[in-house]
Amino acid sequence: MTSKDKSLSVNIGGVLLDSPIVIASGVWPYEEELWSPERLKGVGALSTKAVTLEPRIGNPGTRVWETPSGMLNSIGLQNGGVDTFIKEYLPIVRKSGLPFVVNVAVERPAETEATLKRLNEIREIIPAVELNVSCPNVDDGGMCWGLFPESAAQAVSLAREFWKGSLWVKLTPQSPDIRGVASAAEDAGADALVVANTWLGMAIDTRTARPVFERTCAGLSGPAVFPLALKAVWDVASTVNIPIVGCGGVFSYQDCLAMIMAGASAVEIGTAMFIDFETPARICNGLAGYLEEKVLSNLRELVGIAR
Amino acid sequence: MFDGESSIPAGDFKGTVRDIRQITETVFSIHIACPVISRLARPGQFIMIRFPNRSDPLLGRPLAVSSAGGDDISICFQVVGKMTALLSRILPGEILSLRGPMGNGFGLPSSTMVTMVAGALGAAPLIFAYNRMPQNIGKNFILGVADRSWYPFCEWIKKLIPEVRFFSEDGIIGKKGTVLNGLGEELSPEEEIWTCGPLPMMRAIGQKYTRGRERIRVSLETRMACGMGGCQGCVINTLKGKKRVCVDGPVFSAEEVCWDDLKG
């Protein structure tokens, strides 16, 4: 794939990406060397680590635990708060020259409003906000907003009021009605949906006979969840008209193709970056080869064709 | 206070297994050809090692580099789980995926004498540090092990570091006792300690001295996922706030670590 090759380009809620590969929130650190073009080959956009109004120290105890073909995490939104993000990290994020989305964890309404207002003041340099109504690892806010259509509508409406740029909403697969939540988010003004965040799981340390995580539950990601994420994308795609970013266990170009054929326009990858920096470039090469073989001019032609 | 330079991994590389050697019933050493990592690795740094094209085990495992020279690096590990069991059965010519080198490493000494204190497999990064120690710096090496089952391991270490002093809990190997018995009551201003091993051992060393703790460098180990500072899964509490063991460490000053918050 060359930089002039637009066959993999996509438009996600008004954000133009040269490739459909978005690095998911909570994955890429703010070490400056990692934001150089050489370290981000094949990446279409990045989602920042979740931002909250005030700094958060995250969760105590064990935070990561491997499971068969997957991993559980319970980080708990550790971040320096929105002011630190804007002052210290945003300049690094912008250096990549790639589009990015600022992941904003939904907290209490007043806090969410304040965070979004701060970002909105500088919205000309922020391509999009990814509203996180799906973090499973905190008590206040987070996932509880994304469980039901009513609360999701409330959170997205609030965001829409105070953030005037492109608004992506990252859903939780824990919702008993993800289609209803997706529709509610679309109706409340979301420009794109990320489907989805991690699945709730747990582990028990048999040596201590106690749950591994202090919060008992944690978020499951990795290849183990791919079929579940694919189904969530399939379900949501039957309901909404805004672009969908598939997220969950994507490791290969075939995974990415499946997500697109189910109705996604792009994918987010997270755990895959923990084990292979070359994942985005590898997926892009595979996609480009597939398009060539099928004599297609753009990946968009494949969106939803399995339906 | 020791404040080594943070280091993110240079990248993900393929390494070819040169040879594998069984040292004890459960301890193995592997030589791996990986020119980039061999050239860049500094003592105290580590790699995340995994099998390419395998999703179970999924994540890389952090293992200290125990030597680097020419195109090769070596690692040393004990079989404790699925990944290390697979590694123990690897054969020459097989390919491994290596992320690294990463972490701050031990850095350069700021004193004229360094006492290296290893607990069992904690010897791995210290072997590298010992061999790369600047010539004008005095050095000691103390190794503590549990019991006689570690005898072949101690013999192996003795070939690499003839001056090593041993302590074992059953007294069969070297002197009876723990590595703490090999340390002086006070840490002289010209001396520093570099240590790696089980957490209780490092905690005891870190808290042994009321003066000079800033001259004790401890190489910590926590569960990690990414090894690049991204996931924040490996953080510990320090006097300077949360720090990531993978890129802000693994080597910390004993003075800055909040020992009571560390489990194990």
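Notes on helix 3 (residues 149-162) of chain A
All names here are of chain A. The first and last C-alpha atoms of helix 3 sit 20 Å apart over 14 residues, in line with the 20 Å expected at 1.5 Å per residue. All of the buried residues in helix 3 are S151, A152, A155, V156, L158, A159 and F162. Mapping the buried residues of helix 3 onto a view down its axis gives an arc of 155 degrees, with all of them on the same face. The elements touched by buried residues of helix 3 are helix 2 (109-120), strand 8 (128-132), strand 9 (166-170) and helix 4 (178-187).

Things to note about the pattern of salt bridges
As enumerated under the stated definition, the model contains 22 salt bridges over all chains in all. The partner of A:E113 in a salt bridge is A:K117, and the shortest N-O contact between them spans 2.9 Å. Of this pair, A:E113 and A:K117 both sit in helix 2, 4 residues apart, which is roughly one turn of that helix. Look at A:K117 and you get partly exposed, because its relative accessible area is 40%. In this structure, the salt-bridge partner of B:K208 is B:E185, at a minimum N-O distance of 4.0 Å. Note that B:K208 is positioned in helix 5 (residues 199-208) and B:E185 in the loop between strand 11 (175-176) and strand 12 (191-196), a separation of 23 residues in sequence. A cluster of three or more residues bridged by salt bridges with shared partners is formed by A:E31, B:R244 and B:D248.

Quick word on the domain arrangement of chain B
Residue and element names in this part refer to chain B. Assigned domains of chain B: these are domain 1 (11-102) and domain 2 (113-261). One C-alpha centre belongs to domain 1, the other to domain 2; they are set 21 Å apart. Each partner contributes residues to the interface: domain 1 has 23 residues there, and domain 2 has 21 residues. Carbon and sulfur atoms supply 70% of the area that domain 1 and domain 2 bury against each other, a total of about 1,900 Å² over both sides. On the domain 1 side of the contact with domain 2, I23, P43 and S66 bury the most area, a combined 23% of that side's loss. Where domain 1 packs against domain 2, one counts 0 salt bridges. Contributions of two or more residues to the side of domain 1 that touches domain 2 are made by strand 2 (27-33), strand 3 (46-50), strand 4 (61-64), strand 5 (67-69), strand 6 (72-78) and strand 7 (95-102). Here the side of domain 1 that touches domain 2 gets 3 residues from one element, more than from any other, and that element is strand 6. In terms of residue class, the side of domain 1 that touches domain 2 is made up of 14 nonpolar, 6 polar and 3 charged.

Observations regarding the environment of B:V251
All names here are of chain B. Considering the arrangement of structural elements, one finds V251 in strand 16 (residues 251-253). On the basis of relative accessibility, which here comes to 1%, the residue V251 falls in the buried class. Through-space distance from the C-alpha of V251 to that of C196 is 9.0 Å; in sequence the pair is 55 residues apart.

Cut-offs applied
- Residues numbered from 1 in each chain as written.
- Chains lettered and ligands numbered in written order.
- Predicted model: local features only at pLDDT ≥ 70, side-chain atom pairs only at ≥ 80, totals over all residues.
- Heavy atoms only, no water.
- Helix = DSSP H or I, 4+ residues; strand = E, 2+ residues; numbered from the N terminus.
- Expected span 1.5 Å × (residues − 1).
- Buried < 20%, exposed > 50% of the residue type's maximum accessible area, 1.4 Å probe, protein only.
- Arc of directions from axis to C-beta.
- Contact = heavy atoms within 4.5 Å.
- Salt bridge = Lys/Arg side-chain N within 4 Å of Asp/Glu carboxyl O.
- Domains from an automatic or database assignment.
- Buried area = accessible area lost by both parts, 1.4 Å probe.
- Nonpolar A, V, L, I, M, F, W, Y, C, P; charged D, E, K, R; others polar.

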